[in-house]
Structures are given as C-alpha cells and as structure tokens.
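Coordinates in review
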Amino acid sequence: MTRQHRVAATSLCLMFSILALAQGDSSLSPSLIHEIQTQFELDTHARAMQNALTSVGIKDLSENREVLASHNTTFSHKIETKGISNQKSTGRCWMFAGFNTLRPVILKNLEQDSFEFSHIYLQFWDKFEKANTFLENIIASRDRDVLSRKVTFLMKSPCPDGGYWENFADLVNKYGVIPEEVMAETASSESTGQMTNTLDRILRKHAGMMLDGYHKDKSVSHMRAKKKQALAEVYRVLVLNLGQPPREFTWRHKIKVEKDEDEGE
C-alpha cells in the first residue's frame, strides 16, 4: 500500500468513527456541539476570567484574603516535640507525628535527654493490619461484581503507607511501642515503594483466588482459609523487608544524674 493509500484509508476510518459517534440522541453530535458553541459568548466578564486564569491560575485567584487575615497562628496548647524525626521516602507522616506527641512524656518519665521510638516496629504491624482489613473487605464484597466500583477501589491500593491519628492510637493500644535500638530502620522501611508494590501484588493475587473459589462453591469458610494463607505470605514478606518484631526485649538506658552542688568543678 502506497503512502497516499494509507493516508486515504486513515481518513476514511476517522470519518466513519466520527459518523458512528454522531448517531443517536445520546451521542455528542456535531449539531449539539454547534448549539453549545453558538450559545457560548466570550463577553467582557468571561474574557477577563480567561485572561486571569490563563495567566495566574485558579488556585491563586480563589485565595480568600479575609480568611488569611483572620487566621491566627497563636495556639492555647503547645507540644514540646524534643527533636525532629525523618520519615524518609515513606508515607508515615501520621505515625511520626503521633510518636512526636509521646516522646516528651518518655523523656520526662525516664529522665532522658534524647529518645527515639522504633517507627519500623509499628510500621510492621500497620502493614499487617491493613492486609487483614483488605482481605476482610474482599470477603464482605464477595457477592459484588469484580468490576464494581467498590471492588475496583479496594484492588487499587490494598496496603498503602498512609494513615490517621485513629490508626496510630489503635496500633499503640494493641501492639505497644518499643525503643529504636530494639528494632532499627532498614532500607525497605525508609523507602517503602518496592515493598508496598510487592505486598499489593500478593494481596490482589490472593483476593482473586478467594473470589474465584467463592463463585465456585459459595463457601465463606473456604475464603477465610485462603485468607490465612495470604496473611502468612504477607508476614513473610514483611519479615524479609523489616525484620521480625520482638515479642520481648531487654533495654538498658542511663539515668540523667543531677550534679551535686557541693561537688567541685
């Protein structure tokens, strides 16, 4: 086929596609487009808005100066964080913020000048809890179409990093906290992208197997048995990336001793 023939064939295909889209009352027909274009008028107000939006952007234009002027940065309660933590390349900001509210209490009670919690310890259990929640949601959605919006939403991000204060409080109440020296950060805990992608693939795989099995035998107990297998695989991946969370530990620390007033320099 010559170049001219290829161009002609492409033009015909494009024309037929447009004609196909123009058929029916529900389509975006040329007549409907013409009607909308005719009704639109770029008057003085619209032209001014167009100039402003294309030059400045809607974010800056929508700024409310009265709200900014009334905003007061003076607060009645101030939290002494006693240091800054680095979440590195992770979505653990909510967890770090939670620990920062606890650190001053530990420093005071243990009479320490510095202290750091093990973020990776709570990160481990957060990922494991999220995996369990995802699989439970799959079981709860077993009678929905796999292409439904809910199931699609669940499959999009089964085990993310993000969270809220409520998640932090629940994790601390259930699993407690430990010092950083007991379970230190790893390469995977400080950059979670690859680990999270791996966990997401594993959970999607098992979710598909659980749903396929249910559609064959309608057995919820069979789904829960498969769920245990999925959690075992998730646990293995977490241990390989983050380490084994301790069941018990011994931790020593020095007590800050006040200098005797009578003691010489």
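For the structure given in this document, a descriptive report is provided here. (Residues numbered from 1 in each chain as written. Predicted model: local features only at pLDDT ≥ 70, side-chain atom pairs only at ≥ 80, totals over all residues. Heavy atoms only, no water.)

**Things to note about the layout of surface pockets**
Filter applied, for reference: A cavity here means a set of points on a 1 Å grid, drawn over the protein atoms and nothing else, where a 1.4 Å probe fits but cannot get out; a pocket is an open set with protein on both sides within 12 Å along at least five of seven lines, and a residue lines either one if it has an atom within 4 Å of a point. Grid points are joined across faces, edges and corners, and a volume is the space filled by probe spheres set on the points. A run of H or I in DSSP becomes a helix once it reaches four residues, and a run of E becomes a strand once it reaches two; helices and strands are each numbered from the N terminus. Each residue gets one label: Ala, Val, Leu, Ile, Met, Phe, Trp, Tyr, Cys and Pro are nonpolar, Asp, Glu, Lys and Arg are charged, and the others, such as Gly, are polar.
The volume enclosed by the largest pocket comes to roughly 410 Å³. Taken together, 17 residues line the largest pocket, and the ones lying closest to its centre are E129, K130, T133, P158 and P160. For the lining of the largest pocket, the leading source of residues is helix α7 (residues 119-140), giving six residues. Classifying every residue of the lining of the largest pocket by side-chain character gives seven nonpolar, four polar and six charged.

**Focus on the side chain of D161**
We apply this condition: Buried means the residue's accessible area, taken with a 1.4 Å probe over protein chains only, is under 20% of the maximum for its type, while exposed means over 50%, and partly exposed covers the values in between. Whenever a nitrogen or oxygen atom comes within 3.5 Å of another N or O atom, the pair is scored as a polar contact, on the condition that within protein one atom can donate a hydrogen and the other can accept it, and that pairs from neighbouring residues in sequence are kept only if both atoms are in side chains. We call two residues in contact whenever any of their non-hydrogen atoms come within 4.5 Å of each other.
Relative to the assigned elements, D161 resides in the loop between α8 (149-156) and α9 (165-175). Given the relative accessible area of 13%, D161 is considered buried. Side chain to side chain, D161 and K127 meet in a polar contact 2.6 Å long. Those residues in contact with D161 that sit more than four places away from it in its chain are T90, G91, W94, D126, K127, K130, T192 and T196.

**Description of the environment of M183**
Examined against the element boundaries, M183 turns out to sit in the loop between α9 and α10 (187-190). M183 sits in the buried class, given a relative accessible area of 5%. Taking the C-alpha atoms as reference, M183 lies 8.5 Å from H119; in sequence the two are 64 residues apart.

**Here's the deal with the packing of aromatic side chains**
For clarity, the cut-off: Stacked, tilted and edge-to-face pairs are distinguished by plane angle, under 30 degrees for stacked and over 60 for edge-to-face with tilted covering the rest, among Phe, Tyr and Trp rings (Trp via its six-membered ring) whose centres lie within 6.5 Å.
Taken as a whole and judged by the stated rule, the model has eight aromatic pairs. Ring centres of F124 and W125 lie 5.1 Å apart, and the angle between their planes is 75 degrees; on these two criteria the pair is classed as edge-to-face. A residue is classified by how much of its surface remains accessible, and F124, at 0% relative accessible area, is buried. We classify W125 as buried; its relative accessible area is 14%. Centre to centre, the rings of W125 and F128 are 6.1 Å apart; their planes meet at 70 degrees, and the pair counts as edge-to-face. Of this pair, W125 and F128 both sit in helix α7, three residues apart, which is roughly one turn of the helix. Residue classification places F128 among the buried positions, given a relative accessible area of 19%. What links up through ring pairs into an aromatic cluster is the set F124, W125, F128, Y175 and Y235.

**Here's the deal with the nonpolar core**
To be explicit about the condition: Note on terminology: a nonpolar core comprises buried Ala, Val, Leu, Ile, Met, Phe, Trp, Tyr and Cys residues joined through side-chain atoms within 4.5 Å.
Grouped together as the largest cluster of nonpolar side chains are 40 residues, with contacts concentrated most on F134, I138, V234 and L238. Going through the elements one at a time, α6 (93-109), α7, α8, α9, α11 (193-217) and α12 (220-242) are the ones with two or more residues in this core. The dominant element in this core, judged by the number of residues it contributes, is α7, at 11 residues. When sequence neighbours within four positions are dropped, the list of residues in contact with I138 reads L154, M155, A207, L211 and M223.

**Thoughts on helix α3 (residues 44-55)**
Put simply, the rule reads: Every helix has an expected span of 1.5 Å times one less than the residues it contains.
The end-to-end C-alpha separation of α3 is 17 Å, in line with the 16 Å expected for 12 residues at 1.5 Å each. In the segment just after α3, G57 is the residue with positive phi, at about 105 degrees.

**Brief notes about a nonpolar patch on the surface**
Worth spelling out the cut-off: The patch calculation keeps residues exceeding 30% relative accessible area without a salt bridge and links them within 9 Å when they carry like charges or within 5 Å when they are nonpolar (Val, Leu, Ile, Met, Phe, Trp, Tyr). Calculation of accessible area relied on Shrake-Rupley with a 1.4 Å probe; when residues are assessed, cover is drawn exclusively from the protein chains displayed. One side-chain nitrogen of Lys or Arg within 4 Å of one carboxyl oxygen of Asp or Glu is enough to make a salt bridge.
Judged by side-chain polarity, M49, L53, V56, I58 and L61 come together as a nonpolar surface patch covering roughly 440 Å² of accessible area. Listing elements by their share of the nonpolar patch, those giving two or more residues are α3 and α4 (58-61). Residue position: L61 is located in helix α4. What makes L61 partly exposed here is its relative accessible area of 40%.

**Comments concerning the pattern of salt bridges**
When the charged atoms of two side chains lie near each other, side chains of opposite charge can form a pair. Tallied over the full model, the rule gives nine salt bridges. Two residues, K227 and E136, come together in a salt bridge whose shortest N-O distance is 2.6 Å. Of this pair, K227 sits in helix α12 while E136 sits in helix α7, placing them 91 residues apart in sequence. Among the ionic contacts, a cluster of salt bridges with common partners joins E136, R224 and K227.

**Describing the packing of α6 against α9**
As a reminder of what qualifies: Axis angles are defined between N-to-C directions and span 0 to 180 degrees, where every axis is a line fitted to C-alpha atoms and, for a helix, only to the segment in contact. An angle below 35 degrees is read as roughly parallel, one above 145 as roughly antiparallel, one from 65 to 115 as roughly perpendicular, and any other as oblique. Crossing handedness: left-handed means the near helix sits turned counterclockwise from the far one by under a right angle, and right-handed means the same turn made clockwise.
One way to put it is that α6 packs onto α9 with a least axis distance of 9 Å and a crossing angle of 60 degrees. Between α6 and α9, the angle falls in the class oblique. The handedness of the crossing between α6 and α9 comes out as right-handed. Across the interface between the two elements, W94, M95, G98, F99, T101 and L102 of α6 pack against W165, N167, F168 and L171 of α9. Here the contact of α6 with α9 is built from residues that sort into seven nonpolar, three polar and no charged.

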